[in-house]
Amino acid sequence: MQYSNNFVRLNLHNQFEAMQRTKALRLFSKYDEGVRINKTMMYSITKEVIANKIAEICKQKGYKYVVDGCSGAGGNTIAFASHGIQTASVEYNQENLYDCIHNSEIYGVNEDIQFFHGDITYFDCLKETGFDPAQTLFFCSPEWGGPNYIQNTVFDLEQLQPRLTKLLKYARETGYAESCYYLPRSSDLEQLERNGCTEVNYMFQAGRCDAICAWFN
Ligand SMILES: C[S@@+](CC[C@H](N)C(=O)[O-])C[C@H]1O[C@@H](n2cnc3c(N)ncnc32)[C@H](O)[C@@H]1O
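A quick note: this is a predicted structure, and the numbers were derived from the prediction, not measured. Per chain, the residues get numbers from 1 upward, laid out in the order the sequence is written. Selection of residues for local features in this predicted model requires a pLDDT of at least 70, selection of side-chain atom pairs for listing and counting requires 80 or more, and totals for whole chains, interfaces and linings are taken over all residues. Water and hydrogen atoms were dropped before computing side-chain values, which therefore reflect all heavy atoms in the structure.

What follows covers helix H4 (residues 94–106). Compared with an ideal rise of 1.5 Å per residue, which puts 13 residues at 18 Å, H4 spans 19 Å between its outermost C-alpha atoms and is within 8% of the ideal. Those residues of H4 that sit buried are Asn96, Leu97, Asp99, Cys100, Asn103, Ser104 and Ile106. Working rule for contacts: check all heavy atoms of both residues, and any pair within 4.5 Å makes them a contact. Only DSSP runs of H or I reaching four residues or more are called helices, and only runs of E reaching two or more are called strands; each is numbered from the N terminus. Those residues of H4 hidden inside the fold are in contact with helix H3 (75–82), strand E2 (86–91) and strand E3 (113–117). Of the residues that open H4, the one with a side-chain oxygen 3.0 Å from the backbone nitrogen of Glu95 is Asn93. Just downstream of H4 lies Gly108, where phi reads positive at about 70°. Multiplying 1.5 Å by the helix residue count minus one yields the expected span of that helix. Relative accessibility thresholds used throughout: buried, under 20% of the residue-type maximum; exposed, over 50%; partly exposed, between the two (1.4 Å probe, protein chains only). Identification of polar contacts relies on pairs of N or O atoms within 3.5 Å, with a donor-acceptor requirement for protein atoms, meaning one able to donate a hydrogen and the other able to accept it, and with residues adjacent in sequence counted only if both atoms are side-chain atoms.

Below you can see the structure in the form of structure tokens.
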């Protein structure tokens with residue numbers, strides 16, 4: 001009896017590990033090659049398929065340079081660099097920044113990325129990059145506040161961390177050509193419009209809208 005209990009527990013543990021691996025592979029297809037994802041970032045990283053779609057849109061819009069203002073473990077940063085876009089990556093959490101650098105190495109794009117440790121709303125990294133502001137997109141995937149964001153039918157964009165208005169102020173004052181934010185699909189569209197949003201892309205994966213990208217001048 002004791003043996004069979006342990007056996008069940010072992011199987012459940014293996015099932016959980018298998019589920020985590022399947023999820024991690026959706027975030028990074030090279031997960032099995034040593035990609036690092038910490039527990040918090042498991043719920044925050046942009047899925048690779050979607051990150052690649054965003055990078056393609058940026059290329060189509062003619063952007064040569066992107067500053068990724070909240071780079072996390074590198075989901076978007078790696079996709080931009082893999083699409084030949086010169087990328088600068090900013091992150092204030094040191095553990096996440098190290099994971100971002102490590103993961104970029106696994107994807108073979110670390111040499112093409114400039115990494116900065118700091119708070120994007122206080123630190124003007126654009127000058128340091130040498131990128132031409134007129135050809136640079138400011139991209140940001142801020143924190144949505146964990147899985148609880150799903151409970152709100154309409155997501156208040158001032159709950160983002162950093163807040164949307166703070167990010168917009170930073171991007172406009174710094175002189176980027178445009179800025180683009182990766183946001184919950186339930187984002188308040190009126191709030192986006194009030195803040196001057198010019199375009200919204202619905203990001204679909206497997207027939208389901210995962211999130212939106214909101215563009216601003
Ligand atoms: C949603 S995650 C980004 C995920 C990333 N796009 C990826 O695919 O891995 C948000 C990240 O922004 C960072 N962050 C939040 N506020 C920041 C700030 N003011 N400056 C720089 N990084 C910030 C957090 O530490 C977190 O790693």
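Further remarks concern the packing of aromatic side chains. Pairs of aromatic rings are described using the distance from one ring centre to the other and the angle between the two planes. Each Phe, Tyr or Trp ring, with Trp reduced to its six-membered ring, pairs with another whose centre is within 6.5 Å; inter-plane angles below 30 degrees give stacked pairs, above 60 give edge-to-face pairs, and intermediate values give tilted ones. In total, this model carries 10 aromatic pairs according to the counting rule given. Aromatic pair Phe28 and Tyr107: ring centres 6.0 Å apart, planes at 55°, arrangement tilted. In this pair, Phe28 is assigned in the loop between helix H1 (2–27) and helix H2 (48–60) and Tyr107 in the loop between H4 and E3, connecting sequence segments 79 residues apart. Per residue, the accessibility class of Phe28 equals that of Tyr107, and both read buried. Considering the side-chain rings of Tyr170 and Tyr176, the 5.8 Å spacing of their centres and the 55° angle between planes classify their relative orientation as tilted. You can call Tyr170 buried: its relative accessible area is 7%.

Note that all results are geometric; they support no functional claim without further evidence.
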